[in-house]
Amino acid sequence: MQRYFIPEPFSDGISVISGDDAKHIQKVMRMQVGNTIIAVSEGQAFEATIDAFDGQDVRIKKSSDSLRSNELPKKITICCGLPKGEKLDLITQKATELGMHELILFEGERSIVKWDAQKGSKKQQRLQKIAKEAAEQSHRNVVPNIHDILSFKELLKHSSKYDVLFVADEEDAKLEKRTRFVEMLSKIEDKQSILVVFGPEGGLSRKEIDALMSNGFHSISLGPRILRAETAPLYVLSAMSYQFE
């Protein structure tokens, strides 16, 4: 059953789908009056029937109580140093499928890619669209928010909003005695919001690591192997899903 995120909540059991989603319903799926979809509004999903077509808009009528939520029990924010090429698209899509709550980008000392301020808004909109499509595909009730890019200094200030702060440090992977990630997760069962910072391809500099640690971050090791910039966030989300779900 097709899932759509609707911008307006149901009012007296009625809502309207417009824009690209309405076009998808009519032109791609070729649905008819009486067909059923899943409509998601304000974090809740409902079955709804197509009630009428009003020009390019689609009017829908709620036909069920709230459905079961598939969201992770923790709100996990992934924070990445700008990676190269299409890696950001991959991180956005797959991390959304794995339950990411938010994505934050920052320019690290070793980031090769630089964010073009003039094109930044369009890039953010494209990533938001990727997140929306991935959330629909994976039957989520929430579309992850893609934040504006932050400077490292802004990231440190922003981090005060979270209950738990982690930074993935590749140097930990080289140590003979490492703190296992699962042991770190077992200590935060009662916490709700978690921010995890990852470096770009070149990793985080020691200066950045030290600044993060001084700001309340805990260093985590993701096993003995060095993971790519696009792999590490997916490893963390998978481990958290296993631990908390």
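In this report, we go over the structure that sits alongside the text. Given the structure is predicted, the values throughout are model-derived calculations rather than measurements.

**Comments concerning the overall build of the protein chain**
A tally of helices and strands in the protein chain yields seven helices and 11 strands. Its C-alpha atoms put the protein chain at 65 × 40 × 30 Å along the principal axes. Counting all 245 residues of the protein chain, 44% fall into the buried class. Nonlocal contacts in the protein chain, meaning residues at least 24 apart in sequence, comprise 73% of its contacts between residues at least 6 apart. Of the roughly 13200 Å² of accessible surface on the protein chain, 46% is carried by carbon and sulfur atoms.

**Notes on the sheet that holds strand β9 (residues 164-168)**
Taken in spatial order, the six strands of this open sheet run β8-β7-β6-β10-β9-β11, and their pairing is parallel. Strand pairing shows two members of the sheet lacking a second neighbour, β8 (145-146) and β11 (218-220), which therefore form its edges. Sheet strands in contact with helix α6 (residues 206-214) are β9, β10 (193-198) and β11, and its direction is about 165° off that of β9.

**Things to note about the sheet that holds strand β2 (residues 14-17)**
Taken in spatial order, the five strands of this open sheet run β1-β3-β4-β5-β2, and their pairing is mixed. Every other strand in the sheet has two partners, leaving β1 (3-5) and β2 as the edge strands with one partner each. In this sheet, adjacent strand axes meet at a mean angle of 45° when their direction is disregarded. Relative to strand β3 (residues 36-41), β1 runs parallel, the two sharing three bridges. For Y4, the partnering residue across the bridge sits in β3 and is A39. Along the sheet, helix α1 (residues 19-28) contacts β1, β2, β4 (44-54) and β5 (57-62); its crossing angle with β5, the most-contacted strand, is approximately 85°.

**Comments concerning helix α7 (residues 232-244)**
The terminal C-alpha atoms of α7, which comprises 13 residues, lie 18 Å apart, in line with the 18 Å expected from a rise of 1.5 Å per residue. Taken together, the buried positions of α7 are A232, P233, L234, V236, L237, M240 and F244. Those residues of α7 that are buried are in contact with β6 (75-81), α2 (87-97), β9, α5 (181-185), β10 and β11.

**A look at the environment of L72**
Locating L72 in the fold gives a position in the loop between β5 and β6. Accessibility expressed as a relative area gives 11% for L72, which makes it buried. Along the chain, L72 and S241 lie 169 residues apart, while their C-alpha atoms are 7.0 Å from each other.

**Considerations on α6**
All buried positions along α6 are accounted for by E208, I209 and L212. Mapping the buried residues of α6 onto a view down its axis gives an arc of 100°, with all of them on the same face. Of the exposed residues in α6, those oriented more than 90 degrees away from the buried face are K207 and S214. Of the residues flanking the end of α6, it is G216, one or two places downstream, whose phi is positive at about 100°.

**What to know about the pattern of salt bridges**
Counted by the stated rule, this structure contains nine salt bridges. One salt bridge connects E201 with K87, and the closest N-O pair in it is separated by 3.3 Å. Highlighted residues: E201 in the loop between β10 and α6 and K87 in helix α2, separated in sequence by 114 residues. As a salt-bridge pair, R206 and D169 come within 3.0 Å of each other at their nearest N and O atoms. Of the two residues, R206 sits in helix α6 while D169 sits in the loop between β9 and α5, which places them 37 residues apart along the sequence. Taking the relative accessible area as the measure of exposure, R206 reaches 39% and is therefore partly exposed. For D169, a relative accessible area of 8% translates into the label buried. Bridged by salt links that share partners, the residues D21, K132 and E136 form one connected network.

**Notes on the side chain of E102**
Residue position: E102 is located in strand β7 (residues 102-106). Polar side-chain contacts of E102 include one of 2.6 Å to the side chain of T77. Reaching out from E102, the side chain makes a polar contact with the side chain of H147 at a distance of 3.0 Å. Ignoring anything within four residues of it in the chain, the contact list for E102 reads I76, T77, I78, P144, N145, H147 and Y162.

Here is what the cut-offs are and how they apply
Residues numbered from 1 in each chain as written. Predicted model: local features only at pLDDT ≥ 70, side-chain atom pairs only at ≥ 80, totals over all residues. Heavy atoms only, no water. Helix = DSSP H or I, 4+ residues; strand = E, 2+ residues; numbered from the N terminus. Buried < 20%, exposed > 50% of the residue type's maximum accessible area, 1.4 Å probe, protein only. Contact = heavy atoms within 4.5 Å. Areas by Shrake-Rupley, 256 points an atom, 1.4 Å probe, with all protein chains shown as cover. Pairing = 2+ DSSP bridges. Axes fitted to C-alpha atoms, helices over the stretch in contact; angles between N-to-C directions. Expected span 1.5 Å × (residues − 1). Arc of directions from axis to C-beta. Salt bridge = Lys/Arg side-chain N within 4 Å of Asp/Glu carboxyl O. Polar contact = N/O pair within 3.5 Å; in protein donor to acceptor, adjacent residues only side chain to side chain.

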